[in-house]
Amino acid sequence: MSYPRRIVCLTEETTETLYLLGEGDRVVGVSGYTVRPPEARQKPRVSAFISAKFDKIEALRPDLILAFSDLQADVARELIRRGYPVVTFNQRSVAEILQMIRMVGGLVGCSRKAEALAARLESDLEALAVHASTFPARPRVFFEEWDDPLISGIQWVEELVEIAGGDPIFPELRHAKLGPDRVVSPEEVVRRDPQVIIASWCGKAVNKDRIAARPGWSEVTAVRNRDVYEIKSVYILQPGPASLTDGVRQLHDILSRMAHSAAACRSLT
């Protein structure tokens, strides 16, 4: 065959992309964190995020392995050492996610389908941004990617917040690729006074009561008005189709309610 037929995906966004391209039958192994699409969960699970079951991968006889980011560098290195072709993506922005989709399509000989998928996702995002531009106000948003230490949103998340109709309160940190470089102090969050807090703690449920109980946070507008929300990490912290569809729509729904509610309150005063 001229293109790979037995593909192992070490993170879920490439798995979902292949299924959306109609090529899910090529996927022979997936990450243990894979939930999208549901049928992909029936495939052998061969990795966590920073570790992999190398013998299990070898037993699947893959002719392509897809990985993600510097965090999987050690896993990728070992698989390359064992003789496997490994493509490692490192997308951090909306544009790079769309590029990843196009590249995955090229790797499996489905460039036209990948271009169509990326173009549709792009068009949907543009339509959402146009609708958000009609909001009577753009709420100030703190996206909390982790709780201890506090980490603000990675680039694609902050871009999606803007597309969905909000203004991130830490725009200067969005280009920091590593979590430790996006750590913020609780006091600075209070000072910037977000009107909405949207939290997504990868691997654990968000505790809204704990957020509200932080010292000094009772004065934060979002806490005072109970505008603290959770978006599950599978929808927003996956740098792939999930974020550009379900994730951004959930952001848009929250911010739309917020913007119109704030406008209604102003009209009554």
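Refer to the structure printed above.
The following refers to the structure shown. (Residues numbered from 1 in each chain as written. Predicted model: local features only at pLDDT ≥ 70, side-chain atom pairs only at ≥ 80, totals over all residues. Heavy atoms only, no water.)

Some points on the pairing of strand S9 (residues 196–199)
- What you see with S9 is no split at all: Val 196 and Ile 198 on one side and Ile 197 and Ala 199 on the other are buried throughout.
- The sheet contact formed by strand S6 (residues 140–147) and S9 spans 4 bridges and is parallel. Across the sheet, residue Phe 142 finds its bridge partner in S9, namely Ile 197. (Buried < 20%, exposed > 50% of the residue type's maximum accessible area, 1.4 Å probe, protein only. Helix = DSSP H or I, 4+ residues; strand = E, 2+ residues; numbered from the N terminus. Pairing = 2+ DSSP bridges.)

Description of the sheet that holds strand S3 (residues 45–47)
- The sheet built from 5 strands is open, its strands ordered S3-S2-S1-S4-S5 with parallel pairing. Strand pairing shows two members of the sheet lacking a second neighbour, S3 and strand S5 (86–89), which therefore form its edges. Strand after strand, the sheet turns through a mean of 25 degrees between neighbouring axes, direction not considered.
- Bridge count for strand S4 (residues 64–68) against S5 is 4 bridges, and the pairing is parallel. Bridge pairing in S5 places Leu 66 opposite Val 87.
- Across the sheet, helix H1 (residues 12–20) is in contact with strand S1 (7–9), strand S2 (27–31), S4 and S5; its angle to S1 comes to roughly 135 degrees. (Axes fitted to C-alpha atoms, helices over the stretch in contact; angles between N-to-C directions. Contact = heavy atoms within 4.5 Å.)

Notes on the packing of aromatic side chains
- Counting across every chain of the model gives 3 aromatic pairs.
- Between Phe 142 and Trp 217, the aromatic rings sit 6.4 Å apart at their centres with planes inclined by 75 degrees, giving edge-to-face as the arrangement. Of the two residues, Phe 142 is situated in strand S6 and Trp 217 in the loop between helix H8 (208–212) and helix H9 (221–224); the sequence distance between them amounts to 75 residues. The burial state of Phe 142 is the same as that of Trp 217; both residues are buried.
- Feature note: the residues Phe 142, Phe 170 and Trp 217 constitute an aromatic cluster, connected by ring pairs.
- The lysine or arginine in question, Lys 204, covers the ring of Trp 146, its NZ or CZ lying 4.3 Å from the ring centre. (Phe/Tyr/Trp six-rings, centres within 6.5 Å; stacked < 30°, edge-to-face > 60°. Lys NZ or Arg CZ within 6 Å of the ring centre and 35° of its normal.)

A look at the pairing of S6
- Counting buried positions along S6 gives 6 out of 8 residues, so the element sits mostly inside the fold.
- Bridge analysis of S6 against strand S7 (residues 150–152) gives 3 bridges, and the strand direction is antiparallel. The partner of Glu 144 across the bridge, within S7, is Ser 152.
- Counting the residues in the hairpin turn of S6 and S7 gives 2 residues.

Some remarks on the side chain of Ser 243
- Along the polypeptide, Ser 243 turns up in helix H11 (residues 241–268).
- Overall, Ser 243 belongs to the buried group, its relative accessible area being 0%.
- Ignoring anything within four residues of it in the chain, the contact list for Ser 243 reads Trp 156, Leu 160, Tyr 235, Ile 236, Leu 237, Gln 238 and Val 248.

Details of the side chain of Ser 152
- Looking at the secondary structure, you find Ser 152 in strand S7.
- Ser 152 has contacts with Phe 142, Phe 143, Glu 145, Phe 170, Leu 173, Arg 182 and Val 184, leaving out every residue within four places of it along the chain.

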